[in-house]
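# Residue-level structural notes
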Amino acid sequence: MTMYLRRRATFSAGLSCPLPADPGRGHDYLCELTVGGLIDPLTGMVINIRDVDAVMKARVTGPLGGKLLDTEVAAFQGVLPTPENIARFLWNECRDKFGVHGFLARVILWPTPLLQVALSSLENPHEAPMLTVTRTYDFSASHRLHSLNLSDAENAEIFGKCNWENGHGHNYEFEVTFAGEANPQTGQLLSLDCLDKIVDEVVLKPYDHKHLNCDTVDFHTLNPTSENLTKVIWDNLTSRLISVPLGQARLYRIAVRETARNYFEYYGE
Ligand code: NI
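Residues numbered from 1 in each chain as written. Predicted model: local features only at pLDDT ≥ 70, side-chain atom pairs only at ≥ 80, totals over all residues. Heavy atoms only, no water.

### Structural notes on the packing of helix H5 (residues 192-207) against helix H7 (residues 226-241)
Look at H5 against H7: their axes get within 9 Å of each other, and the N-to-C directions meet at 140°. Taken as axis vectors, H5 and H7 run oblique relative to one another. By crossing handedness, the relation of H5 to H7 is classed as right-handed. In this structure, H5 contributes Ile-198, Val-199, Glu-201, Val-202, Val-203 and Tyr-207 to the contact, and H7 contributes Leu-229, Val-232, Ile-233, Asn-236, Leu-237, Arg-240 and Leu-241. A per-class count over the contact of H5 with H7 returns ten nonpolar, one polar and two charged. (Axes fitted to C-alpha atoms, helices over the stretch in contact; angles between N-to-C directions. Helix = DSSP H or I, 4+ residues; strand = E, 2+ residues; numbered from the N terminus. Parallel < 35°, antiparallel > 145°, perpendicular 65-115°, else oblique. Left-handed = near helix turned anticlockwise from the far one by under 90°. Contact = heavy atoms within 4.5 Å. Nonpolar A, V, L, I, M, F, W, Y, C, P; charged D, E, K, R; others polar.)

### Points about the pattern of salt bridges
Inspection of every chain in the model, using the stated rule, returns twelve salt bridges. Residues Glu-32 and Arg-6 are paired through a salt bridge, measuring 3.5 Å at the closest nitrogen-oxygen approach. Of this pair, Glu-32 sits in strand S2 (residues 26-37) while Arg-6 sits in strand S1 (residues 3-14), and the two are 26 residues apart along the sequence. Classification of Glu-32 as buried rests on a relative accessible area of 2%. Salt-bridge contacts for Lys-231 lead to Asp-235; the nearest nitrogen and oxygen are separated by 2.9 Å. With Lys-231 and Asp-235 both in helix H7, this residue pair falls four residues apart, about one helical turn. (Salt bridge = Lys/Arg side-chain N within 4 Å of Asp/Glu carboxyl O. Buried < 20%, exposed > 50% of the residue type's maximum accessible area, 1.4 Å probe, protein only.)

### A short note on the packing of aromatic side chains
Across all of its chains, the model carries ten aromatic pairs by this definition. Three or more aromatic residues joined by ring pairs make a cluster, and in this case those are Tyr-137, Phe-139, Tyr-172, Phe-174, Tyr-207 and Phe-219. (Phe/Tyr/Trp six-rings, centres within 6.5 Å; stacked < 30°, edge-to-face > 60°.)

### Regarding the domain arrangement of the protein
Reports of interface size often rely on the accessible area that becomes lost once the parts have come together. Split by domain assignment, the protein resolves into domain 1 (2-119) and domain 2 (135-266). For domain 1 versus domain 2, the distance between C-alpha centres works out to 31 Å. Contacts between the two partners involve eight residues from domain 1, matched on the other side by eleven residues from domain 2. Taken together, the connections running from domain 1 to domain 2 amount to zero salt bridges. In this structure, the connection of domain 1 to domain 2 is made through three residue pairs in polar contact (both at pLDDT 80 or more). Here the side of domain 1 that touches domain 2 is built from residues that sort into four nonpolar, two polar and two charged. (Domains from an automatic or database assignment. Polar contact = N/O pair within 3.5 Å; in protein donor to acceptor, adjacent residues only side chain to side chain.)

### Comments concerning the packing of helix H1 (residues 49-64) against helix H3 (residues 83-94)
At a minimum axis separation of 10 Å, H1 and H3 run at an interaxial angle of 145°. Two packed elements cross with a definite hand, and for H1 against H3 that hand is right-handed. Note on element contacts: H3 touches H1 through Ile-86, Phe-89, Leu-90, Glu-93 and Cys-94, opposite Val-55, Arg-59, Val-60 and Leu-64. Class assignment of the residues belonging to the contact of H1 with H3 gives a composition of seven nonpolar, no polar and two charged.

Okay, structure coming up:
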C-alpha cells in the first residue's frame, strides 16, 4: 500500500524582464514535493525527510533561489519561466531522485498564495503527470438555509440556526481548477487575466456582498447550501466558458470553503 509524504520549501527568484501576463519582477515561491512509496520495514519510513530536503536543496532552492530565472538559469533560456514551466522544471529535476523505495508523485508550486500550479501522478508513477492550475477567490455573502420542499418545522429541525429567517453571513473562499497542457507559446495553461474577468462576471459580481436567497436569481428557489453553491458555480462557469477559446485547458474542479471547517469539492461528474 502506497504512503505519501509531503515536504515544502521556499525560494525567491526574479525575472530580468517581466512576462506579458506577470508584470511582477519576482516572487517568493512556495513549493511542495509529494513522495509516494512503501514503508520500509527497517526504518518505518518511506524515505528520510533529510533525503527529500537534500533533493530540494540540490535541485530546486539552490539552482533557483536568488536567481533571475530568465537570464541566470540555463533551463529557462528560451523557455518562459511561467509557474507552469517552473513546476515542470521541478518535476523533471526531482523525479527519479528518491531511490528505490520512493517516487515523485506530485509537485505543487505557489507563486502567490492565491495561485497553485501542480503536476501530479498520484495513482501511477509511470504515467505522465497531470498539469492543473488552481486560482483562489473570495467573496462575502449571506444566506438562509431553507428548502421549499420541506415544511417550516422540517427546515427548522434540519438546518437549526442556519434556518434563521433573516439569514447569516460567510466569507466564502472558492477555488477554480483547470487541467490540460500548457500552451508552448505562452507557457501557460490559460490566461489568468481572462479567467479573473470571467469569474468576476459569473461569480463575484452576482454574489459578493449579496443575500444569496434574496438578491440572486440562482438561489431564489434553490437552497443555498454549500453543495448547491459549489455546483452552481461549476454550472455557470461551464456555460460561460463555452464561448471562450481555452485551448488545451478544461475546467476540472470547483471547491468552496464556507468556513475554516467546511470544504466542498466538485468535479462535474
Ligand atoms: Ni451558513
